[in-house]
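# Coordinate analysis (summary)
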Amino acid sequence: MTNHWSDIQNADLILIMGGNAAEAHPCGFKWVTEAKARNKARLIVVDPRFTRSASVADMYAPIRTGTDIAFLGGLINYLLENDKIQHEYVVNYTDVSFIVKEGFGFEDGLFNGYDAEKRSYPEKSTWSYELDEDGFARVDKSLTHPRCVYNLLKQHYSRYTPEVVSNICGTPQDRMLQIWETIAETSAPGKVMTIMYALGWTQHSVGSQMIRTGAMVQLLLGNIGMPGGGMNALRGHSNIQGLTDLGLLSNQLPGYMTLPLEAEQDYAAYIAKRTAKPLRPGQLSYWQHYEKFHVSLMKAWYGKNATAENNWGYDWLPKLDIPGYDVLKVFDMMYQGQVNGYFCQGFNPIASFPNKAKVSAALAKLKYLVVMDPLATETSEFWRNAGEYNDVDTASIQTTVFRLPTTCFAEEDGSLVNSGRWLQWHWKAAEPPGQAKTDVVIMGGLFHRLRELYSKEGGAYAEPLLNIDWAYRQPEEPTAEEIAQEYNGKALADVFDLQTGAQLAKAGELLPGFGLLRADGTTSSGCWIFCGSWTQAGNQMARRDNADPYGMGQTLGWAWAWPANRRILYNRASADPAGNPWDAQKKRLVWWDGGKWGGTDVPDFKVDSRPEDGMNPFIMNPEGVARLFAVDKMNEGPFPEHYEPFETPIGRNPLHPDNRQAISNPAARVFKNDMELFGSADEFPYAATTYRLTEHFHFWTKHCRLNAITQPEQFVEIGEVLAKELGIAAGERVKVSSNRGYIKAVAVVTKRIKPLTVDGKTVHQIGIPLHWGFAGVARNGYLTNTLTPFVGDANTQTPEFKSFLVNVEKA
């Protein structure tokens with residue numbers, strides 16, 4: 001979230017797309033109802049199903065699953081063609097005036113530089129700005145240059161006319177235009193829309209670009225950085241935000257820093273590549289402090305063993321021979337017999353990753369599998385024959401499975417990071433059952449035993465393990481408090497102001513913020529964005545002051561938000577270039593009073609800069625402005641383009657009907673041995689999507705009898721028209737099959753899913769809740785991912801769970 005849950009009350013308009021907040025996030029949805037009561041805000045829902053969110057919406061539009069970029073691309077075209085953009089915001093706070101390099105091009109669905117054999121864009125040198133002799137990006141404030149971003153943007157989306165978009169999405173044109181017109185109203189300064197999305201956007205082979213298209217809409221409307229605005233991701237777990245914050249993705253380090261690639265053996269070059277210098281005069285480019293964050297991280301990990309002489313232990317970091325060993329890659333390697341053992345911690349991959357048959361077969365090729373979880377999961381019992389729900393030959397599986405029962409969050413102290421980036425401390429409520437231990441105790445025990453073995457027996461490259469600093473009071477059982485303080489960071493020597501020489505922190509003190517981090521080894525921080533969460537003043541995450549003096553819902557004394565307790569990112573954009581709020585009456589967030597900055601939030605910029613200095617709001621970008629043109633950061637192109645799901649019910653991309661390379665995302669994460677498993681509409685004519693229910697939480701609540709009673713049996717949702725065509729009555733059992741397997745469930749026949757006319761064809765869609773399996777006290781069911789294809793987003797590798805092809809028949 002750029003904003004946070006309670007800030008949604010400040011919205012004038014709410015768009016829920018790629019999510020179903022009323023059902024999947026019912027507590028958070030309270031703030032939508034607050035906005036409606038407080039601001040007479042309107043709610044728009046765009047979804048393949050008429051959901052519980054849609055039932056209380058002012059406007060609802062159906063859409064074919066997987067076509068959100070087309071819908072939003074059409075909206076961008078509508079805004080540009082009808083001059084419904086926030087001009088002053090767009091010209092000053094986005095890159096519309098930046099000139100793109102000569103040679104950049106787009107033709108028939110592909111950007112320049114595509115390598116069909118590699119299924120990627122290895123050559124992206126022209127996906128960038130033209131630079132002048134000083135290394136600054138060239139701009140054209142008149143917006144007349146043919147290669148300025150504004151004109152390239154208009155050209156790219158001019159193809160997304162209402163007729164074309166309706167033909168792709170199946171959304172009726174009149175309803176679509178009504179929604180676009182309503183959204184366009186928020187281009188007026190002070191009028192604000194928020195976008196709320198969830199896995200309905202992320203779980204596609206073009207998921208990252210769906211989210212980016214939404215962000216581009218918000219930038220054109222001037223809604224990023226505004227109270228009641230922003231791009232707000234609705235996290236499905238209480239701590240899924242913390243997962244990415246702490247760098248648990250395979251190519252990341254904590255605080256969104258990145259691991260080096262194999263070619264990056266030189267420390268100075270590694271730092272230089274990530275230390276972006278400003279691309280326009282007077283801009284901050286905050287990543288120019290990358291080395292301070294990196295060195296402080298290495299000092300947190302390796303203590304006195306990380307020195308300037310050994311480049312702060314740089315050689316001890318893994319060097320990736322490919323961009324990342326994401327879960328799709330690891331399971332494909334496992335399936336190929338290239339992985340011997342797998343640690344599965346708080347994760348249920350056989351239920352959570354695509355093509356259950358492939359994941360199960362991959363697990364069966366391991367020598368050992370270690371599962372750390374409070375519950376028995378399908379993964380820990382993948383070897384068990386559960387009849388039709390998991391029909392395997394147990395005797396042929398040689399994998400040794402170890403279960404290490406862990407505590408759950410309520411059985412330990414610690415913090416959770418919610419959707420709005422709030423770190424909230426929680427306290428232990430109960431003792432764990434039986435032999436369950438915390439994850440930290442289990443991992444600490446494994447670390448000590450491994451280090452002891454390496455010390456005694458040696459081993460291949462033991463230094464990264466042997467040099468780790470483990471200075472906890474009880475080495476076998478570090479406390480949550482110690483770990484939280486380590487993430488925050490401390491002064492390892494006295495820290496002084498680099499300009500005035502004033503002392504800022506004494507050696508041994510916890511740091512008040514990441515502004516004090518140094519690249520000389522005098523500070524440590526296990527996650528720079530968490531610096532300030534536990535200071536000399538105490539545990540900021542444990543604060544529970546809900547005072548709201550401005551009535552804006554910012555409540556800066558409640559818990560602590562990264563970074564710097566800031567509640568709304570890019571909040572400098574809530575004021576015009578002179579520092580005056582776009583809406584001085586209702587939406588004052590930060591402002592310049594003629595001598596200093598004030599605000600209801602922690603300013604997200606250099607507070608000693610004056611408006612006339614020209615520092616722009618998007619301080620993490622070297623150009624200081626937000627990017628409508630993504631430079632070289634996205635793997636399938638600088639502008640989002642509509643590509644069909646890998647299993648498309650229409651068999652072609654209507655935007656590029658003659659180019660088979662541009663049917664689906666040409667740079668998506670797909671493995672050669674999985675290509676043949678994609679189904680076609682001839683055999684599997686219906687588009688399917690998965691979703692969650694209020695009455696269950698992922699796969700956990702199958703272990704709770706009351707939840708199992710509330711939603712007792714697996715079902716699939718089928719529209720009335722399709723059910724009538726197939727002769728299926730409500731309550732009958734049906735078989736739903738894809739090219740990878742089948743499930744059986746009860747048919748719920750509903751008015752909530754209606755057929756759509758797409759590319760001259762009638763397309764039926766069905767909905768499949770995902771909560772059932774063969775572990776727990778609930779009635780056994782089939783794993784929904786039995787049906788889903790093994791393909792991922794080109795940038796995040798997130799699987800395409802939300803759009804695939806199936807057939808439906810009576811069981």
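Residues numbered from 1 in each chain as written. Predicted model: local features only at pLDDT ≥ 70, side-chain atom pairs only at ≥ 80, totals over all residues. Heavy atoms only, no water.

Turning our eyes to something else, we now look at the packing of aromatic side chains. This structure, assessed with the given rule, holds 47 aromatic pairs. Here Phe-111 and Trp-127 contribute two aromatic rings whose centre-to-centre distance is 6.0 Å and whose plane-to-plane angle is 65°, an arrangement assigned as edge-to-face. Of this pair, Phe-111 sits in strand S5 (residues 110-111) while Trp-127 sits in the loop between S5 and helix H6 (149-157), placing them 16 residues apart in sequence. Residue class for Trp-127 comes out buried when judged on its relative accessible area of 0%. Measuring from centroid to centroid gives 5.5 Å for Trp-425 and Trp-534, while their planes differ by 85°, and the two rings are edge-to-face. Taken together, the residues Trp-425 in strand S14 (residues 422-426) and Trp-534 in strand S19 (residues 534-535) connect sequence positions 109 residues apart. When sorted by exposure, Trp-425 lands in the same class as Trp-534, which is buried. Members of the aromatic cluster, joined through ring pairs, are Phe-98, Phe-104, Phe-106, Phe-111, Tyr-114, Tyr-121, Trp-127, Tyr-129, Tyr-157, Tyr-160, Phe-629 and Phe-639. Lying over the aromatic face of Tyr-314, Lys-319 brings its terminal NZ or CZ to 4.5 Å of the ring centre. (Phe/Tyr/Trp six-rings, centres within 6.5 Å; stacked < 30°, edge-to-face > 60°. Helix = DSSP H or I, 4+ residues; strand = E, 2+ residues; numbered from the N terminus. Buried < 20%, exposed > 50% of the residue type's maximum accessible area, 1.4 Å probe, protein only. Lys NZ or Arg CZ within 6 Å of the ring centre and 35° of its normal.)

Turning our attention to unusual backbone geometry. In this structure, Pro-563 follows Trp-562 across a cis peptide bond, with omega equal to -5°. Residue position: Pro-563 is located in the loop between strand S21 (560-561) and strand S22 (590-592). Of note, the phi angle at Asp-83 is positive, near 55°, even though the residue is not glycine. With respect to the helices and strands, the residue Asp-83 is situated in the loop between helix H4 (68-81) and helix H5 (87-93). Here the phi dihedral of Val-631 falls at roughly 50°; this positive angle occurs in a residue that is not glycine.

What follows covers the sheet that holds strand S13 (residues 414-417). Pairing in this open sheet of three strands is antiparallel, and the strands run S13-S14-S21 from one edge to the other. The sheet is open, and its two borders are formed by S13 and S21, each paired with just one other strand. Relative to S14, S13 runs antiparallel, the two being bridged by four bridges. Residue pairing across strands places Leu-416 opposite Gln-424, the latter belonging to S14. (Pairing = 2+ DSSP bridges.)

Our next topic: the UniProt feature "domain: Molybdopterin oxidoreductase" (unreviewed entry) in the protein. The UniProt record marks residues 2-379 with the feature "domain: Molybdopterin oxidoreductase" (unreviewed entry), using the residue numbering of this structure. When the span residues 2-379 is considered, its composition is 36% helix and 11% strand, and the gap between its end C-alpha atoms is 34 Å. (UniProt positions renumbered as here; feature names shortened; annotations may be inferred.)

For the coordinates displayed, the defined rule picks out 34 salt bridges. In this structure, Glu-713 engages Arg-779 in a salt bridge whose closest nitrogen and oxygen atoms are separated by 3.0 Å. Pair noted here: Glu-713 is in the loop between helix H21 (705-710) and strand S26 (715-719) and Arg-779 is in the loop between strand S31 (765-769) and strand S32 (791-792), with a separation of 66 residues, a long-range link. On the accessibility criterion, Glu-713 (29% relative accessible area) is partly exposed. Each of Glu-130, Glu-133, Arg-138 and Arg-147 takes part in one network of salt bridges that share partners. (Salt bridge = Lys/Arg side-chain N within 4 Å of Asp/Glu carboxyl O.)

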